[in-house]
Amino acid sequence: MTRTLDRASRLRAATLALLLVAPHAPLLTACAAQASQLDQGRALHTGKQPYDEFFEATRALREESLKAEERADEATAELSRALRLDAKSDGKAALEAARARAAELRAAGVLLQVELVPEARIVSARGGRSLEAADRDAIAAFEASLKSSLATSKHLGELSARAAELEKKRASLAAAWAEALADDPQRREVKHELEAAERVIAEAGAVADRHAGRASKLALDLVLAVDSGDAPARRGAASRPPPRQPAAGAKAPPRRGSGAGAAPKPPKPPPSRGEDDFDP
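Bear in mind the structure is a predicted one, so any value in this text is a computation, not a measurement.

Engineer: Looking at this structure, how should I read the overall build of the protein chain?
Structural biologist: Each helix and strand counted, the protein chain has 7 helices and 3 strands in total. Helices and strands appear in the protein chain in the N-to-C order α-α-α-α-α-β-β-α-α-β. Taken across its 280 residues, the protein chain has 29% of its residues classed as buried. Taking the intrachain contacts of the protein chain between residues at least 6 apart in sequence as the baseline, contacts between residues at least 24 apart amount to 69%. Total accessible area on the protein chain stands at roughly 18,200 Å², and carbon and sulfur atoms take up 56% of it.

Engineer: When you look at helix α3 (residues 49–66) in this model, what are you seeing that I'm missing?
Structural biologist: Helical geometry: 3.6 residues make up each α-helical turn, so side chains three or four residues apart lie on a common side. Compared with an ideal rise of 1.5 Å per residue, which puts 18 residues at 26 Å, α3 spans 26 Å between its outermost C-alpha atoms and is within 8% of the ideal. Among the residues making up α3, those that are buried are Y51, D52, F54, F55, T58, L61, R62 and S65. On its buried face, α3 sits against α4 (68–82), α6 (133–180) and α7 (187–226).

Engineer: For this particular structure, what's the right way to read the pattern of salt bridges?
Structural biologist: Pairing is possible between side chains of opposite charge, provided their charged atoms come close. Summed over the entire model, instances satisfying the criterion amount to 18 salt bridges. In this structure, the salt-bridge partner of E96 is R99, at a minimum N-O distance of 2.8 Å. Of the two residues, E96 and R99 both sit in helix α5 (residues 91–107), 3 residues apart, roughly one turn of that helix. Among the residues examined, R99 registers a relative accessible area of 33% and is labelled partly exposed. One salt bridge in this structure joins R101 and E104, with 3.3 Å as the shortest N-O distance. Of this pair, R101 and E104 both sit in helix α5, separated by 3 residues, roughly a single helical turn. According to the relative accessible area criterion, R101 is buried, its value standing at 18%.

Engineer: Honestly, the packing of α5 against α6 in this entry has me stumped. Any pointers?
Structural biologist: Axes are the key here: two packed helices are described by the angle between their axes and the distance separating the axes. Contact geometry of α5 with α6 gives a least axis separation of 11 Å together with a crossing angle of 140 degrees. The orientation of α5 with respect to α6, classified from their angle, is oblique. The two elements α5 and α6 cross, and the hand of that crossing is left-handed. Facing A98, R101, A102 and L105 of α5, the residues of α6 in contact are A134, D135, A138, I139 and F142. Per-class residue counts for the contact of α5 with α6 are 7 nonpolar, no polar and 2 charged.

Engineer: Help me out: how do you make sense of the environment of Q37 in this one?
Structural biologist: Tracing the backbone through its elements, the reader meets Q37 in the loop between α2 (25–33) and α3. For the pair Q37 and F55, spaced 18 residues apart in sequence, the C-alpha separation works out to 9.4 Å. Once you skip the residues sitting within four places of it in the chain, Q37 turns out to touch R42, A43, L44, E189 and E193.

Engineer: Where do I start with α4 in this structure?
Structural biologist: End to end, α4 covers 22 Å across 15 residues, agreeing with the expected 21 Å (1.5 Å per residue, within 8%). At E74, α4 shows its largest kink, close to 25 degrees. Taken residue by residue, α4 has A68, A72, A75, T76, A77, L79 and S80 as its buried positions. Along its buried surface, α4 packs onto α3, α5, α6 and α7. One or two positions beyond α4, positive phi appears at R84, with a value near 65 degrees.

Engineer: Any chance you could explain the packing of α5 against α7 here in plain terms?
Structural biologist: Two elements in contact, α5 and α7, have axes separated by 8 Å at closest approach and are oriented at 25 degrees. With respect to α7, the element α5 is oriented roughly parallel. Here α5 runs over α7; the crossing is right-handed. Here α5 contributes L95, A98, R99, A102 and R106 to the contact with α7, which in turn contributes L218, D221, L222, A225 and V226. Partitioning the contact of α5 with α7 into residue classes produces 7 nonpolar, no polar and 3 charged.

Cut-offs used in this document
Residues numbered from 1 in each chain as written. Predicted model: local features only at pLDDT ≥ 70, side-chain atom pairs only at ≥ 80, totals over all residues. Heavy atoms only, no water. Helix = DSSP H or I, 4+ residues; strand = E, 2+ residues; numbered from the N terminus. Buried < 20%, exposed > 50% of the residue type's maximum accessible area, 1.4 Å probe, protein only. Contact = heavy atoms within 4.5 Å. Areas by Shrake-Rupley, 256 points an atom, 1.4 Å probe, with all protein chains shown as cover. Expected span 1.5 Å × (residues − 1). Salt bridge = Lys/Arg side-chain N within 4 Å of Asp/Glu carboxyl O. Axes fitted to C-alpha atoms, helices over the stretch in contact; angles between N-to-C directions. Parallel < 35°, antiparallel > 145°, perpendicular 65-115°, else oblique. Left-handed = near helix turned anticlockwise from the far one by under 90°. Nonpolar A, V, L, I, M, F, W, Y, C, P; charged D, E, K, R; others polar. Bend = angle between axes of the 7 residues up to and from the residue.

This is how it looks when you write it as structure tokens:
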């Protein structure tokens, strides 16, 4: 008896489920059929150049935006690997390690300076000792990460600009599609793809902006982490201002304990202690 009741309950539940789902089945099928080709990574081909060119450009933009995060992560990964961290370490951990390594170099008398023009590079000032292999490796890692993050920021910034231009073109095509494709059998599909393109372009532009900002921030944080400021001042005589000379024709003040008109002896220049080399 109990088994009969359980079987009857399961049948009623199955019947209820069918009754609930059946009215929505056409709607669900229609939604699945309405997925745009752009969302699936394809470009609609109409045989009309303005539309085909636009859809292909939008598809390419979407594909590049899907790689934006990976590109932004690569600069951090390079820095992490060079500092012997886990390549999957986040940017904060990599920057802390870079900051600590730069502090070690400063303590050893090696100062670093970042130059951004004509191209990004890091130059070093040696404080009385030669750079060791580990020092050179660390500096090369800082420079490679800086270049990578700047290049990524530039590329993704250009991607964002492309998205803005494509949206202008989409708006122009959307305003003319009804007339341009009045007798075209694909006119409804073109309309659907143009509507989908608005969202695809907006999403791609937002992703490019976000990861371009990440790359720019990494570059700035890396500069702040390793840069020692201006080039070190020269020590010794060159670091002190020369003694002021009396103006031409002016009488020099008499020395204490001597007759009037006696010229004072010029001060002895301090001994030179040498200069720091500032080499790339």
